[in-house]
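Residue-level structure breakdown
Spelled out from the first residue to the last, the chains are:
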Amino acid sequence: MTTDDGLFLLIRLGLGTSIDTDCPHDLLSLSLDDWKSLMELAQRQSVCAIAVDGIQNTVEREGNIFADHYGQKQWTPLVLEWSGVMLTTEQANEHQTKVMNRLANAWEEGGCKTMLMKGQSNGLFYPKPNHRSPGDIDVYLFDGYEKAHDIARQEGAQINDEWYKHSEITYYNEVFENHRFLVPTRQGKCSKRLDEELKEEIREKKLPMFPNSKVLVPTPMFNAKFLTFHSCAHFLAEGLRLKQLLDWAMFLKSEQEKVNWAAFYDFCDKYHYHRFADAATTIAVKYFGVKIHNSKIVAESPFAEKIMQSALYDDDFVYGSGKGDWYNRFHLVTNLFRYRWKYRDICQQSPLRKLYYHVTGFFFKTE
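None of these values were measured; they are calculated from a predicted model. (Residues numbered from 1 in each chain as written. Predicted model: local features only at pLDDT ≥ 70, side-chain atom pairs only at ≥ 80, totals over all residues. Heavy atoms only, no water.)

1. A closer look at the overall build of the chain
The following threshold applies: For the purposes of this entry, the term helix denotes a DSSP run of H or I that reaches at least four residues, the term strand denotes a run of E that reaches at least two, and both are numbered from the N terminus. Buried means the residue's accessible area, taken with a 1.4 Å probe over protein chains only, is under 20% of the maximum for its type, while exposed means over 50%, and partly exposed covers the values in between. Only heavy atoms matter for contacts: two residues are in contact if any of them lie within 4.5 Å across the pair. Where accessible areas are quoted, they stem from the Shrake-Rupley method and a 1.4 Å probe; at the residue level, only the protein chains shown are allowed to cover.
For the chain, the helix and strand inventory stands at 16 helices and five strands. Its C-alpha atoms give the chain principal-axis dimensions of roughly 65 × 45 × 45 Å. Expressed as a percentage of the 367 residues in the chain, the buried residues total 53%. A fraction of 69% describes how many contacts in the chain between residues 6 or more apart in sequence connect residues 24 or more apart. Of the accessible surface of the chain, which amounts to about 17,200 Å², a share of 50% is contributed by carbon and sulfur atoms.

2. Focus on the environment of A49
Mapping A49 onto the fold places it in helix α3 (residues 48-62). With a relative accessible area of 2%, A49 lands in the buried category. Between the C-alpha atoms of A49 and A233, which are 184 residues apart in sequence, the distance is 26 Å. Contact partners of A49, with chain neighbours within four places excluded, come to M86, T89 and H131.

3. Here we look at the sheet that holds strand β2 (residues 137-140)
Note the threshold: When DSSP locates at least two bridges between a pair of strands, those strands are taken to pair. Between N-to-C directions, angles span 0 to 180 degrees; the directions come from axes that are lines fitted to C-alpha atoms, helices contributing only their stretch in contact.
Here five strands make up an open sheet; going across it, the order is β1-β2-β5-β4-β3 and the pairing mixed. The two strands at the open ends of the sheet, each matched to only one other strand, are β1 (115-117) and β3 (158-160). Pairwise comparison of adjacent strand axes, ignoring direction, gives a mean angle of 30° for this sheet. The strands that helix α7 (residues 145-154) touches are β3, β4 (166-171) and β5 (174-179); relative to β4, the one it contacts most, it runs at about 20°.

4. Some remarks on the pattern of salt bridges
One side chain can pair with another of opposite charge once the charged atoms of both are near each other. Threshold: Every case where a carboxyl oxygen of Asp or Glu lies within 4 Å of a side-chain nitrogen of Lys or Arg is listed as a salt bridge.
Under the defined criterion, the tally for this structure stands at 17 salt bridges. Across the pair D195 and K199 runs a salt bridge whose closest N-O atoms are separated by 3.0 Å. Of this pair, D195 and K199 both sit in helix α8 (residues 189-200), four residues apart, which is roughly one turn of the helix. Judged by relative accessible area, which is 5%, D195 ranks as buried. Across the pair K225 and E197 runs a salt bridge, and its minimum N-O distance is 3.1 Å. Here E197 lies in helix α8 and K225 lies in helix α9 (residues 220-237), a separation of 28 residues in the sequence. Like E197, K225 is buried. Taken together, the salt bridges that share partners define one network made up of E197, E201, K225 and K270.

5. Some remarks on the side chain of Q256
We apply this condition: The definition of a polar contact used here is a pair of N or O atoms within 3.5 Å, where within protein one atom must be able to donate a hydrogen and the other to accept one, and adjacent residues in sequence count solely through side-chain atom pairs.
Residue placement: Q256 occurs in the loop between α10 (242-255) and α11 (261-271). According to the relative accessible area criterion, Q256 is buried, its value standing at 3%. Within polar-contact distance, the side chain of Q256 engages the backbone nitrogen of N294 at 3.2 Å. What Q256 contacts, discounting residues up to four positions off in sequence, is F251, W261, K291, I292, H293, N294 and I297.

6. Structural notes on the environment of N160
Tracing the chain through its elements places N160 in strand β3. Residue class for N160 comes out partly exposed when judged on its relative accessible area of 34%. Each C-alpha atom, one on N160 and one on T170, is 8.4 Å from the other, the two residues being 10 residues apart in sequence. Within the structure, the side chain of N160 is placed 3.1 Å from the backbone nitrogen of E162, a separation counted as a polar contact.

7. Observations regarding the nonpolar core
Here is the rule we go by: Note on terminology: a nonpolar core comprises buried Ala, Val, Leu, Ile, Met, Phe, Trp, Tyr and Cys residues joined through side-chain atoms within 4.5 Å.
The biggest cluster of nonpolar side chains holds 90 residues, and the ones touching the most others in it are W35, L242, F264 and F288. Per-element tally for this core: the top contributor is α9, with nine residues. Sequence-distant contacts of F288, that is, excluding residues within four places in its chain, are made with F8, I11, R12, T17, L242, L245, L246, A249, I283 and M308.

In short, geometric facts, not functional conclusions.
Structure representation (structure tokens):
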């Protein structure tokens with residue numbers, strides 16, 4: 001068993017999505033060095049807590065086969081280290097949820113509705129939401145974009161609204177991305193149509209609530225479209241992590257009967273997401289053990305393996321690099337040409353056309 005296969009098996013064991021051929025005892029073929037490499041990969045891919053769930057669930061069912069095989073003195077320190085990462089993930093999620101609710105309550109009292117996108121909202125699809133690795137808090141406040149800034153300032157938050165797409169609100173060490181637009185709208189007329197179509201999915205709709213909160217969460221149809229757009233955008237610009245592919249897998253597991261799949265695939269055809277969506281669904285089934293019961297869902301793609309290898313081993317992340325804006329812009333352009341197969345084979349688009357929109361959008365502010 002390779003370390004990659006071992007990680008996928010642990011994820012399935014952790015999420016309770018094991019397939020018929022899964023055998024936890026296969027993990028014993030890994031050396032201790034393999035285990036260290038496996039968990040380092042899990043941490044890079046932001047799925048460490050779920051992998052630890054896989055270990056714990058196996059021990060509950062099979063007994064402590066790992067300590068028996070590797071020896072208590074060798075195995076225990078490793079498990080304690082990985083469990084520490086899991087505990088840190090739990091604490092980070094708990095803190096983020098608390099801070100999110102605190103600011104959302106202030107917005108609600110000020111007359112602003114708050115809708116949460118991805119992030120903690122995606123965590124609701126997981127068996128243990130607090131074991132999904134957290135990121136920023138993406139919110140949409142409908143017609144309260146500017147008003148939300150005034151309220152946040154009154155609460156002591158720091159506001160950075162230099163970028164046109166969303167502002168960044170820093171509050172109790174958490175970063176909220178307050179979206180004016182749901183997608184980058186400087187990339188031609190198509191991007192503006194996409195933004196409007198996504199907003200139409202939530203406009204004047206009765207939205208579900210985040211548990212024990214005044215925060216709204218999106219409809220299943222919005223999630224299907226937005227998660228596809230968002231993951232594909234990251235895939236093109238800088239690459240994916242398993243965390244993002246796993247979000248789609250858990251969404252499918254939970255919500256597959258709540259989506260109009262014919263309308264979804266029409267959406268994918270319109271915006272060149274069909275091949276990416278098919279590959280992401282194939283990955284959900286093949287690697288993460290999700291069972292597809294809805295016959296309208298496409299779960300066969302010749303591109304799934306290549307996208308998975310890209311997620312595991314490409315390392316050209318841009319956002320959150322800590323580098324300056326101009327460095328990041330140059331990195332985006334170099335990625336565009338280095339990974340032009342993504343545009344050509346997956347999205348069936350020209351990278352030169354994409355570059356044109358980047359340049360004209362930047363200089364002429366075409367949002």
